[in-house]
Amino acid sequence: MTTDVIIVGGGVAGLSTAYQLSKHGVSVTLVERQQLGAGSTGQAAGLLGQVRKTANATRMLVDGLPIVRELEAETGLEIFVETGSVRLATAEARVEDTRNHVRLGAGSELEVSLLGSEETARLLPYMKSDDVILASHTPSDGHILPHELTMSFAQMARRNGVTILQNRPVRDVIIDGNCAKGVRTDEGPLYADRVLLACGPWSYVMAERAGQVLQTVGMEHVYLTSQPDDAYPVHRMSPAVRDYDGRIYSRPEAGGLIVGIYEEDPVIRDMRELNDDFNMSQMRAARDSSAVAYLLESALLRFPFLENVKYTVTQGIMTFTPNGSALSGTIPGIDGLFHTAGFCGHGIVQSPTMGVIMSQLILGEPCAYDLNAVAADRYVGAAGYQDRRDIEPKCVTAYAGHYGPVRR
Ligand SMILES: Cc1cc2nc3c(=O)[nH]c(=O)nc-3n(C[C@H](O)[C@H](O)[C@H](O)COP(=O)(O)OP(=O)(O)OC[C@H]3O[C@@H](n4cnc5c(N)ncnc54)[C@H](O)[C@@H]3O)c2cc1C
């Protein structure tokens, strides 16, 4: 079987790129080792906070929303829930960051305002707010529903002619000289001159098989989802919360609350050890694990009502890079081989625009974004970034610093 482009991986990154390529009349085959969404995508919370540290990164997120709205119009599904979001400053050291967040938002023409403790309490009556010194409020933030986004990308890609093969692990990339020529599966080879590896936390494994080093690490991540309880109502349009000092985030979910944590000492997963049957939705965090204990301790401080309601725990594997930005593009050495991975907890919300970017790179078209920050080749030849024993601690530091007390 021969197509123009083969995409390995049926998470949001691969599916978004397939959808964008399909609009250009390119023949695309997407190959997934399990079912669509069987990786990180199926486990995600989907929080969208648009204001980032650079205008370019903010624009990538803002520009994704019209694509989501386009999918909603085509499929009739609700994908984006515009609840707004609130960032808390509960320590003096966080106050200047919060003010800066408002300035960054204004610089990108996003409405972001400052709230005091009482206004914050009015917006979030179920949250402990008496220690909030200041908060920023972005009404146009919210969350993207990962399952609905995944299925919408897949539906639209299929409608445009993309072939999606599931339960088909790719064993390696076929390379002829220094050119990608396709992939090998147990059912036989698939041929294409352009191959995109969009394998989420497995990406470094596939890169290794092609003789390349990709600086990504898979790390366990947990969140809880409380069950709805009439005594403790959580409105479906309640704003998401980011409490950096408590290392937690939250958003409403079906009358309950999702609360997740970026702990200081995440557990690294060796993706080479997982067999073909592994589906991330089967992961179960032990209730007595240190991550769950830490999550509960921090969640109860901010949302004391959780003590009185039932909850479930979701666990998944996130992909981090040494500096907290994705690795997307090409690595010198193999023509026609592309990578997109390492979204550091933002892959759902980055995927709509990243699909556009990857399709432009694959088609050799000019790209409207500054890609230096996400270039897949940015660590090529750099000392300390070629061996997994060096890469892993750097990615742990990036994860631990994602949320946490302000360090000056
Ligand atoms: C618990 C949790 C909470 C999260 N919360 C958020 C959030 O609030 N907001 C946000 O934006 N992001 C969040 N994320 C991150 C987000 O889920 C990821 O960034 C995103 O899903 C990455 O998509 P992906 O397509 O790159 O990877 P994946 O979804 O992992 O997809 C990769 C796919 O490749 C397949 N694959 C791997 N190897 C092969 C092979 N050899 N052959 C064929 N197929 C292969 C896998 O089966 C998988 O389906 C969260 C993640 C977790 C785990």
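Predicted model only: the values in this text are computed from it and were never measured.

Buried residues dominate strand E14 (residues 217-226), accounting for 10 of its 10 residues. The side-chain alternation of E14 yields two buried faces, one formed by Val 217, Met 219, His 221, Tyr 223 and Thr 225 and the other by Gly 218, Glu 220, Val 222, Leu 224 and Ser 226. Bridge count between E14 and strand E19 (residues 311-320): 10 bridges; the pairing is antiparallel. From the neighbouring strand, Gly 218 faces E19, where its bridge partner is Thr 319. Across two bridges, the pairing between E14 and strand E18 (residues 268-269) is antiparallel. Looking at E18, one finds that Gly 218 is bridged to Arg 269.

Let us now look at the sheet that holds strand E11 (residues 179-185). Pairing in this open sheet of three strands is antiparallel, and the strands run E10-E11-E12 from one edge to the other. Two strands in the sheet have a free side with no partner beyond their single neighbour: strand E10 (170-176) and strand E12 (188-191). Averaged over all pairs of adjacent strands, the angle between their axes in this sheet comes to 30°, without regard to strand direction. In terms of strand pairing, E10 meets E11 through six bridges, oriented antiparallel. Considered in E11, the bridge of Ile 175 is made with Ala 180.

What the rule picks out here adds up to 23 salt bridges. Linking Asp 270 and Arg 272 is a salt bridge whose minimum nitrogen-to-oxygen distance equals 3.0 Å. Linking Arg 389 and Asp 387 is a salt bridge whose minimum nitrogen-to-oxygen distance equals 2.7 Å. Residues participating in the shared-partner salt-bridge network are Arg 69, Glu 72 and Glu 82.

Before going further, it helps to examine the domain arrangement of the protein. Note on interface size: it is often stated as the accessible area lost on association of the parts. Split into domains, the protein comes out as domain 1 (5-45 + 146-216 + 323-385) and domain 2 (82-141 + 218-320). One C-alpha centre belongs to domain 1, the other to domain 2, and the line joining them spans 29 Å. Taken together, the contacts link 23 residues of domain 1 with 25 residues of domain 2. Between domain 1 and domain 2 the total buried area reaches about 1900 Å² when both faces are included, carbon and sulfur atoms providing 50% of it. Where domain 1 packs against domain 2, one counts two salt bridges. Across the pair Arg 272 and Glu 208 runs a salt bridge, and its minimum N-O distance is 3.4 Å. The tally of links between domain 1 and domain 2 comes to 16 residue pairs in polar contact (both at pLDDT 80 or more). Among the elements that make up the side of domain 1 that touches domain 2, the one with the highest residue count is helix H7 (residues 203-209) (three residues).

We now examine the site of the ligand. Lining the immediate surroundings of the ligand are 38 residues, of which Glu 32, Thr 41, Gly 46, Leu 47 and Val 170 lie closest. The side chain of Thr 41 places a nitrogen or oxygen atom 2.5 Å from an oxygen atom of the ligand. In the model, a nitrogen atom of the ligand is placed 3.1 Å from a nitrogen or oxygen of the Gly 345 main chain. For the ligand, the protein covers 97% of the area, taking 1000 Å² as the surface of the free molecule. Elements represented by at least two residues in the shell around the ligand include exactly helix H1 (12-22), E14, E19 and helix H9 (347-363). Considered class by class, the residues forming the shell around the ligand number 21 nonpolar, 14 polar and three charged. Composition of the shell around the ligand by domain shows at least three residues from each of domain 1 (5-45 + 146-216 + 323-385) and domain 2 (82-141 + 218-320).

On to the packing of helix H2 (residues 55-62) against helix H3 (residues 64-75), then. Contact geometry of H2 with H3 gives a least axis separation of 4 Å together with a crossing angle of 5°. One finds that H2 runs roughly parallel with respect to H3. The segment H2 lies against H3, with Met 60, Leu 61 and Val 62 engaging Gly 64, Leu 65 and Pro 66. Its residues assigned to classes, the contact of H2 with H3 comprises five nonpolar, one polar and no charged.

Next up on the list: the nonpolar core. Of all hydrophobic cores here, the largest spans 42 residues; its most connected members are Ile 7, Val 28, Ile 144 and Leu 149. Counting only elements with at least two residues in this core, the list comes to strand E1 (5-8), H1, strand E2 (28-31), H2, H3, helix H6 (146-159) and H9. In contact with Ile 7, other than residues within four places in its own chain, are Gly 14, Thr 17, Ala 18, Leu 21, Val 28, Thr 29, Leu 30, Val 31, Leu 196 and Ala 198. Counting residues in hydrophobic clusters, the runner-up holds 33 residues, among them Val 173, Trp 202, Leu 214 and Leu 337.

Basis of the calculations
Residues numbered from 1 in each chain as written. Predicted model: local features only at pLDDT ≥ 70, side-chain atom pairs only at ≥ 80, totals over all residues. Heavy atoms only, no water. Buried < 20%, exposed > 50% of the residue type's maximum accessible area, 1.4 Å probe, protein only. Helix = DSSP H or I, 4+ residues; strand = E, 2+ residues; numbered from the N terminus. Pairing = 2+ DSSP bridges. Axes fitted to C-alpha atoms, helices over the stretch in contact; angles between N-to-C directions. Salt bridge = Lys/Arg side-chain N within 4 Å of Asp/Glu carboxyl O. Domains from an automatic or database assignment. Contact = heavy atoms within 4.5 Å. Buried area = accessible area lost by both parts, 1.4 Å probe. Polar contact = N/O pair within 3.5 Å; in protein donor to acceptor, adjacent residues only side chain to side chain. Near = heavy atom within 4 Å. Areas by Shrake-Rupley, 256 points an atom, 1.4 Å probe, with all protein chains shown as cover. Nonpolar A, V, L, I, M, F, W, Y, C, P; charged D, E, K, R; others polar. Parallel < 35°, antiparallel > 145°, perpendicular 65-115°, else oblique. Core = buried A, V, L, I, M, F, W, Y, C linked by side-chain atoms within 4.5 Å.

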